[in-house]
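# Structural characterization, general
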Amino acid sequence: MKHRWRTRAGLVLASILALAMFLPACSGDTDPTTAPPTTTAADPDANIKNPESFIMATIGYPDSLDPAYGYDTASGESVQLVYDTLLTFKGASTTEFLPALATEWTISADGKTYRFHIRTGVKFHNGNDLTPSDVEYSFERGMVQDYGAGPQWMFFEPLLGGYSSRDIEPRIPLQQITDAVQVDGEWVQFNLIAPYAPFLQILAGPWGGIVDKEWCVQNGDWDGSEASYAALNDPDAGASPLQAIMNGTGPFKLERWDPGVEISFVRYDAYWQGPANFERVIIKTVDEWSTRKLMLQNGDVDYAYVPATNFAEMEGATGLTIIKNLPTVTVDSFFFQMSISPQSTMVGSGKLDGAGIPLDFFTDINVRKGFSHAFDFGTYLQDALSGQGVQAASPVINGLSYYNPNLTTKYNYDLVKAREYLQAAWGGQVWEKGFTLTLAYNSGNLPRKLACEILQAGLFAINPLFKVNIQVMQWPTLLRGMYTGLLPAFQIGWLPDFTDAHNFVVPFMHSQGTFSGWQNYNNPEADALIAEGISSIDPQVRQQIYDQLAQIYYDDAPGILLAQPLGQRYFKDWIQGFVYNPALPSQMCNIYLLSKTYK
């Protein structure tokens, strides 16, 4: 996230998760499964409300409507309604695909050339025809833009061998970007620098959405020139030309967007797969849980986000379809900022004088380990997740390829050890003078609020001079505070962009990873191991590498791995067609498949 989800995900997401930047598991040969839905007693007198619309109430709202820019789950959720990709995930599988804007594809024997035949007869929402040039432009435009907190690293790595257009000063030459994606008649060809197994999974994510070249240029986006490349590269937050406008080939068209209130889409009747079941999709931002609950119970919305802290009170609710024990491939974590921005307002005095913290407070490993041992994981799992989760021992969590269930080295709640580390921090000054800092969470996210409170209580119990303030923020504000270094520590989750271990060790551990890059964590040994891991074709070698990275994460303690939760979904019982796929950013997964009827 990014979530990026961002939230990948989250498209964390993010989730980058808005719910968690569970910016977008399963091992490579294992599909996720879902528990049979539990349908409570339906009210036979109930009338289906708003039968032509699908309405959901959730927390957070999109950071951007640009498919190349958005890296959080809220953005991905909206993008996937409007923009089609070349291929899509097959049902619940994260490793099998169905044709979408590409009717077929081939992969060369050496794994370095991917070719896609582009579907004909498809039109964008403005009436323009989809062409192979639009596909080529979409991916080149994304790498040209390369928003610093966006998802484009996923294309740079397999196509150009880096993580950003800015790996070379001042930028990677435009010719290298345009050489990576080429049109050949009705086909589009991607030229990889080395085999890269997750490439199809990347293309199926929301960042693989295809845009209309002519429309983009008309709206001030990249025009193919060097000058335009220079002007549009790494835009300011929210400054993409496509930030708030959309024009895809997908099943829905953007109707209106009122950030923080709701975003609305209307059906695109000329959709190449046939019109969707709903005339309109409305996503409401409703931070207050009791309001969401009432809206769901009354049938004013068809789906509501239910925090894990509130699972128990939904037991026995009538008129709902509750789907439990979803194998989420997500992990929420605290990340310590190694170089806090001088513009931060969350560090008090900015000095180690008891009234604040210095901007490099978390560069002392004793601080990081002390904080890690001060966190009460048991209370978090029970109170924040209602027992529906497990503490993670590595960024490579259960469901990813190369997950190792035998890894048991992890931090525990131990105030004696926390005291020892914090007494040693900053040559004893931390213990003697104390500190004051502020933690933040996104509005409506009760598990994250509780996580802040748990850490606050643990630190205060060690030394009353350890003062943690807690502040609530709207999701986009919090997200921008994360990647601009304004937050001393940030809490966010990650959804898989693709279900390979590589997709978690990069954002968590690489010096240019989404979260680790934001927190200015830099371990050259970790960077080298990550590069070796993705380039190896030997499973045993890869397993050893990812186990070694897990140990480095423990030793360095750049963050606190909180938990991998089990998910639940709460629908009105008239909603049909939900298919769970953990690789998709939306809580609904594929809204196009949903319908509204009693069976």
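Residues numbered from 1 in each chain as written. Predicted model: local features only at pLDDT ≥ 70, side-chain atom pairs only at ≥ 80, totals over all residues. Heavy atoms only, no water.

### Considerations on the overall build of the protein
- Scanning the protein for helices and strands turns up 18 helices and 22 strands.
- Here the C-alpha coordinates of the protein stretch approximately 70 × 65 × 45 Å along the principal axes.
- In the protein, buried positions account for 62% of the 599 residues.
- For the protein, the accessible surface area stands at approximately 20,600 Å², while carbon and sulfur atoms represent 49% of it.
- Across the protein, the mean location of the 38 positive side-chain charges is 5 Å away from that of the 62 negative side-chain charges. (Helix = DSSP H or I, 4+ residues; strand = E, 2+ residues; numbered from the N terminus. Buried < 20%, exposed > 50% of the residue type's maximum accessible area, 1.4 Å probe, protein only. Areas by Shrake-Rupley, 256 points an atom, 1.4 Å probe, with all protein chains shown as cover. Lys, Arg positive; Asp, Glu negative; His and termini not counted. Charge placed at Lys NZ, Arg CZ, Asp CG, Glu CD.)

### Some details on unusual backbone geometry
- In the segment running from glutamate 169 into proline 170, the intervening peptide bond is cis, with an omega of -5°.
- By secondary structure assignment, the location of proline 170 is in the loop between helix 3 (153–160) and helix 4 (174–180).
- Of note in this structure, tryptophan 426 is not a glycine but carries a positive phi near 50°.
- Within the element layout of this structure, tryptophan 426 appears in the loop between helix 11 (415–424) and helix 12 (429–433).
- Positive phi outside glycine occurs at cysteine 589, with the angle close to 60°.
- When you line up the elements, cysteine 589 lands in the loop between strand 21 (575–576) and strand 22 (595–596).
- What makes cysteine 589 buried here is its relative accessible area of 1%.

### A closer look at the nonpolar core
- If you look at the biggest cluster of nonpolar residues, it comprises 181 residues, and the most contacted ones within it are Leu86, Phe190 and Phe371.
- Ignoring anything within four residues of it in the chain, the contact list for phenylalanine 190 reads Leu86, Lys112, Thr113, Tyr114, Phe116, Phe139, Leu159, Ala180, Val181, Phe199 and Leu203. (Core = buried A, V, L, I, M, F, W, Y, C linked by side-chain atoms within 4.5 Å. Contact = heavy atoms within 4.5 Å.)

### Some details on the sheet that holds strand 5 (residues 102–107)
- Strand order in the open sheet made by the four strands is 5-6-8-7, with antiparallel pairing throughout. Looking at the sheet topology across the chains shown, the edges are occupied by strand 5 and strand 7 (181–184). Between one strand axis and the next, the sheet turns by 20° as a mean value, whatever way the strands run.
- Inspection of the sheet shows strand 5 paired to strand 6 (residues 113–118) by five bridges, in the antiparallel sense. Residue threonine 106 lies in a different strand from strand 6, and its bridge partner there is arginine 115. (Pairing = 2+ DSSP bridges. Axes fitted to C-alpha atoms, helices over the stretch in contact; angles between N-to-C directions.)

### Notes on the UniProt feature "domain: Solute-binding protein family" (unreviewed entry) in the protein
- The UniProt entry lists residues 97–514 under the feature "domain: Solute-binding protein family" (unreviewed entry), expressed in the numbering used here.
- Taken end to end, residues 97–514 has its terminal C-alpha atoms 26 Å apart, with 30% of it in helix and 20% in strand. (UniProt positions renumbered as here; feature names shortened; annotations may be inferred.)

### So, the pairing of strand 8 (residues 187–191)
- Counting buried positions along strand 8 gives four out of five residues, so the element sits mostly inside the fold.
- Relative to strand 8, strand 6 is paired through five bridges, and the arrangement is antiparallel. Considered in strand 8, the bridge of tyrosine 114 is made with phenylalanine 190.
- Judged from the four bridges that link them, strand 7 and strand 8 form a sheet pairing that is antiparallel. Note on strand 8: the bridge partner recorded for valine 181 is phenylalanine 190.
- The antiparallel hairpin formed by strand 7 and strand 8 contains two residues in its connecting segment, where glycine 185 sits at a positive phi of about 65°.

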